[in-house]
Amino acid sequence: MRKPNIAILGATGVVGREITKITEELNVEFESIKFLSSAKSAGTKITFKGKEYTVEEATPEVFEGIDIVMASAGGSTSQKFAPEIIKRGGLIIDNSSAFRMDEGVPLVIAGVNDEDLKSHKGIIANPNCSTSQLMLALEPLNKHFGIKRLIVSTYQAVSGAGLAAINELREDTEANLKGEKFENKCFKKPISFNVIPQIDVFCENGYTKEEMKVVKETKKILHLDENTPISCTAARVPVFNGHSEAVDVEFKVNVEPNEVREILKNSYGVTVIDNPDNFEYPTTRDASGANPVFVGRIRKNLAFDNGISFWCVADNIRIGAALNTVRICKKVIEMGLF
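Residues numbered from 1 in each chain as written. Predicted model: local features only at pLDDT ≥ 70, side-chain atom pairs only at ≥ 80, totals over all residues. Heavy atoms only, no water.

**Focus: the layout of surface pockets**
As a volume, the largest pocket reaches approximately 910 Å³. Along the wall of the largest pocket there are 37 residues; nearest its centre are Ser159, Gly160, Ala161, Gly162 and Arg236. Put simply, the parts of the chain that give the lining of the largest pocket at least two residues each are α1 (14-25), α5 (209-222) and α8 (318-334). Here the residues of the lining of the largest pocket sort into 14 nonpolar, 16 polar and 7 charged. The calculated volume of the second largest pocket comes to roughly 220 Å³. Lining the second largest pocket, in full, are Ser97, Ala98, Arg100, Met101, Asp102, Cys203, Lys209, Met212, Lys213, Lys216 and Glu217. (1 Å grid on protein atoms, 1.4 Å probe; cavity = no way out; pocket = protein on both sides within 12 Å on 5 of 7 lines; lining within 4 Å. Points joined across faces, edges and corners; volume = space filled by probe spheres on them. Helix = DSSP H or I, 4+ residues; strand = E, 2+ residues; numbered from the N terminus. Nonpolar A, V, L, I, M, F, W, Y, C, P; charged D, E, K, R; others polar.)

**Observations regarding the packing of aromatic side chains**
Inspection of the entire model under this criterion finds 7 aromatic pairs. Both rings, one in Phe35 and one in Tyr53, keep their centres 5.1 Å apart while their planes meet at 65 degrees; by these two values the pair is edge-to-face. Linking Phe35 in strand β2 (residues 32-37) with Tyr53 in strand β4 (residues 51-54), this pair joins segments that are 18 residues apart in sequence. Look at Tyr155 and Trp311: their rings are 5.7 Å apart centre to centre, the planes differ by 40 degrees, and that puts the pair in the tilted class. Of this pair, Tyr155 sits in strand β9 (residues 147-156) while Trp311 sits in strand β14 (residues 307-314), placing them 156 residues apart in sequence. For Tyr155, a relative accessible area of 32% puts it in the partly exposed group. Residue classification places Trp311 among the partly exposed positions, given a relative accessible area of 24%. (Phe/Tyr/Trp six-rings, centres within 6.5 Å; stacked < 30°, edge-to-face > 60°. Buried < 20%, exposed > 50% of the residue type's maximum accessible area, 1.4 Å probe, protein only.)

**Considering the side chain of Glu245**
Examined against the element boundaries, Glu245 turns out to sit in strand β11 (residues 243-251). Contacts of Glu245, omitting those with residues within four sequence positions, involve Ser130, Gln133, Leu134, Val152, Ser153, Thr154, Tyr155, Phe310, Trp311 and Cys312. (Contact = heavy atoms within 4.5 Å.)

**Re helix α3 (residues 129-145)**
Compared with the 24 Å implied by 1.5 Å per residue over 17 residues, the 25 Å span of α3 between its first and last C-alpha is a close match. Of all the bends in α3, the greatest measures close to 40 degrees and is centred on Met135. With respect to burial, α3 is a largely interior element, 15 of its 17 residues being buried. Looking one or two residues beyond α3, the residue adopting positive phi is Gly146, at roughly 75 degrees. (Expected span 1.5 Å × (residues − 1). Bend = angle between axes of the 7 residues up to and from the residue.)

**Topic: the pattern of salt bridges**
Any two side chains of opposite charge can pair, so long as their charged atoms come close to each other. All chains considered together, the criterion is met by 14 salt bridges. One salt bridge connects Lys87 with Glu84, and the closest N-O pair in it is separated by 3.3 Å. Placement of the pair is Lys87 and Glu84 together in helix α2 (residues 75-87), with a separation of 3 residues, close to one helical turn. A salt bridge links Lys213 to Asp200, with the shortest nitrogen-to-oxygen separation between them at 3.8 Å. In this pair, Lys213 is assigned in helix α5 and Asp200 in the loop between α4 (163-178) and α5, connecting sequence segments 13 residues apart. The exposure class assigned to Lys213 is buried, which follows from its relative accessible area of 17%. You can call Asp200 partly exposed: its relative accessible area is 33%. (Salt bridge = Lys/Arg side-chain N within 4 Å of Asp/Glu carboxyl O.)

**A few points about the packing of α3 against α8**
The interhelical angle for the contact between α3 and α8, taken along N-to-C directions, is 65 degrees, at an axis separation of 8 Å. On α8, the residues touching Cys129, Ser132, Gln133 and Leu136 of α3 are Ile319, Gly320 and Arg327. The class makeup of the residues in the contact of α3 with α8 is 3 nonpolar, 3 polar and 1 charged. (Axes fitted to C-alpha atoms, helices over the stretch in contact; angles between N-to-C directions.)

**Observations concerning empty space enclosed by the protein**
Summed over all chains, the structure comprises 1 cavity of 30 Å³ or more. Counted as a void, the largest cavity has a volume near 30 Å³. For the largest cavity, the full set of lining residues is Ile109, Leu136, Ile319, Leu323, Asn324 and Arg327. Here the lining of the largest cavity takes 4 residues from α8, the largest share from any one element. Taken together, the residues that form the lining of the largest cavity break down as 4 nonpolar, 1 polar and 1 charged.

**Topic: the nonpolar core**
Phe35, Leu138, Leu150 and Phe310 are the most contacted members of the largest nonpolar core, which has 88 residues in total. With 9 residues, α8 is the largest single contributor of residues to this core. Excluding its chain neighbours within four sequence positions, the residues that come into contact with Phe35 are Ile8, Ala11, Thr20, Ile46, Phe48, Tyr53, Thr54, Val55 and Glu56. One finds Val158, Ala165, Ile166 and Phe187 within the second-largest nonpolar core, a separate group that totals 7 residues. (Core = buried A, V, L, I, M, F, W, Y, C linked by side-chain atoms within 4.5 Å.)

**Describing the side chain of Thr228**
Summarising the element assignment, Thr228 is placed in the loop between α5 and β10 (230-236). Assessed through its relative accessible area of 8%, Thr228 is described here as buried. One polar contact links the side chain of Thr228 to the main-chain carbonyl oxygen of Asp225, over a distance of 2.8 Å. Other than its neighbours up to four places away in sequence, Thr228 contacts Ile147, Lys148 and Lys219. (Polar contact = N/O pair within 3.5 Å; in protein donor to acceptor, adjacent residues only side chain to side chain.)

**Observations regarding the packing of α3 against helix α6 (residues 257-265)**
One way to put it is that α3 packs onto α6 with a least axis distance of 10 Å and a crossing angle of 120 degrees. Classified by the angle their axes make, α3 and α6 are oblique. In terms of crossing hand, the pair formed by α3 and α6 is right-handed. Seen from α3, the contacting residues are Ala137, Pro140, Leu141, His144 and Phe145; seen from α6, they are Glu259, Val260, Ile263 and Leu264. Along the lines of polarity and charge, the residues of the contact of α3 with α6 split into 7 nonpolar, 1 polar and 1 charged. (Parallel < 35°, antiparallel > 145°, perpendicular 65-115°, else oblique. Left-handed = near helix turned anticlockwise from the far one by under 90°.)

Listed below in structure tokens is the structure:
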């Protein structure tokens, strides 16, 4: 099996650094590796597998001879460089929303819909962070019981909005505790000691873009019928890292909580913590820095026929972005798709 030449685009960003870290952790095989960024960050030093690398400026020419690019540099950057990568015979695994809903571009969660990778034409899209963790929990259940209806409420950490948002939570909290004024810039409302029921801009239907991403991406990844009713409410919470989700799902057949627990206990990428009597259920602190999607509070839904409700938590930087990107890269190599 030939080893690929790899590049990480956006290597100096929060997710890019995590991709670098996980590429080492998962021991991705490669012939050579490059770390790329904007001109502003070029020249930065990165240590990888005990060796120091200099970050290069991303230009069309730098992709010559590169087989796989793991990109987390924003939609406009991906749109700019994707044609250049493909023209040179390379493949881009993109973390942005630029290509997710494009027809002909596979939207993939490694371990969920790997077969879709075979249809790529040079671009593979990584789903939105809140969708990513949800799919690892829902796919095995959909396979067994068939999803009829789905309602999701997400409680999303500030790290999903980048480093500036992380700093804003810290600084806003400190100012609040001291009784000082603070001007919020990343969020429309103060984030400290608050919950903001808006992530991204509002659409004409009253839902935000973030909420509609969950709706549309879920259908694409799980190959659900377009008429499947799915609704989402997304809120930003004053947590540094780790997204939480309350999930209410109606299945096509009768389902018992114990069946769900057993299936998820044996599912790829999922860890069940579900013993409420002993206050054992997943929290964002359990998830931070960890690879699994944690599921708990599994119970009968009282509003739906054949309904189940559960609580789902994951490290959004890893599961929702970096880890899945690297897992896709490994799958592409294993399947010889580069």
